[in-house]
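# Descriptive analysis of the structure
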Amino acid sequence: MSRIALLCALFLGAGLAQAEIKTREIPYKSPDGTSLIGYYAYDDAITGKRPGVVVVHEWWGVNDYVKRRARDLAALGYSALAIDMYGDGKNTEHPADAQAFMKSATASAPAAKARFLAGLDLLKQQPQTDGSKLAAIGYCFGGKVVLDMAREGVPLAAVVSFHGPLATASPATPGSVKAKVLVEHGEIDTLVPLAAVNALKEEFDKAGADYRVVVQPKAKHSFTNPDADRLSHAGHGSEKGPDLGYSKVADENSWADMQALFKETLGQ
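Residues numbered from 1 in each chain as written. Predicted model: local features only at pLDDT ≥ 70, side-chain atom pairs only at ≥ 80, totals over all residues. Heavy atoms only, no water.

Now for the confidence of the model for the protein. Any segment with low pLDDT has predicted coordinates that should not be analysed in fine detail. Within the protein, residue pLDDT values average 92, and 90% of them lie at 70 or more. pLDDT under 50 marks residues 4-18. Its contacts with residues more than four places away, or in other chains, come to 3 contacts. (pLDDT = per-residue confidence, 0-100. Contact = heavy atoms within 4.5 Å.)

Below you can see the structure in the form of structure tokens.
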């Protein structure tokens, strides 16, 4: 290799080494004193501030999947924080445990909102985050969380629910939804039937919300998670578990829908 070629290779290699996704866990607390652990990701090749996105986990908790989604968002140029709604970063692959975690986290709507806002504040504190451009996405349980935050009027530019529960004890009221909302739902989701989609549409129409519902053909609940088929049997032995299923097409199409919404609302 010539000296020039060697120098070029070294230069390019150094550039590639600098352009990588940086991650770290960040301990923080909710207003009630609960210890929480966020997972933060950003691309250090980008200089200056960039829009921030909160990511809310499935009912399994802060696991590798939701952390991967934070990294995916960082690769798109966002400042991304997977927040902790359960405490201590706990997670599970057993449906009974997940149900118990979720029940505890949603027992008090004000406490759940406070935990979300604590995560949002943590994201805004990161030097890479442009606090004037914020969004939130959620999966399964997390989809309900972000939809409820939209209903509450939390100042977000956009909210995206991926296969999330759609019912709520606190429906949106006229003018309460400030964010643009995208709901990605599986056509054959037996855990959240299409009747719930129709109820959401009626609720959001009455509230005058700016929203879009996309029904992904032939997609089950948890269609974005490649581990869904395995997790549908986790902790059950030979017994049938939750009716979950991954769909590569629905996963990719819903992610593209999210990117289009973010380009519209966050400018990238």
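For Asp88, which is not glycine, the phi dihedral falls at a positive 60°. Its place among the elements puts Asp88 in the loop between strand S4 (79-83) and helix H3 (95-105). Looking at Asp88, the relative accessible area reads 55%, which means it is exposed. At Cys140, a residue that is not glycine, the phi angle is positive and equals roughly 55°. Summarising the element assignment, Cys140 is placed in the loop between strand S5 (129-139) and helix H5 (141-151). Residue classification places Cys140 among the buried residues on the basis of a relative accessible area of 9%. (Helix = DSSP H or I, 4+ residues; strand = E, 2+ residues; numbered from the N terminus. Buried < 20%, exposed > 50% of the residue type's maximum accessible area, 1.4 Å probe, protein only.)

The 8 strands are arranged S1-S2-S4-S3-S5-S6-S7-S8 in an open sheet whose pairing can be described as mixed. Edge positions in the open sheet fall to strand S1 (21-29) and strand S8 (211-216), since each of these has one partner strand only. Strand-to-strand twist in this sheet, taken as the mean axis angle between neighbours without regard to direction, amounts to 20°. One ladder, built from 6 bridges, connects strand S7 (residues 180-186) with S8; its direction is parallel. Bridged to Glu184 within S8 is Val214. The strands touched by helix H8 (residues 248-266) are strand S3 (50-56), S5, strand S6 (158-162), S7 and S8; relative to S6, the strand with the most contacts, the crossing angle is about 170°. (Pairing = 2+ DSSP bridges. Axes fitted to C-alpha atoms, helices over the stretch in contact; angles between N-to-C directions.)

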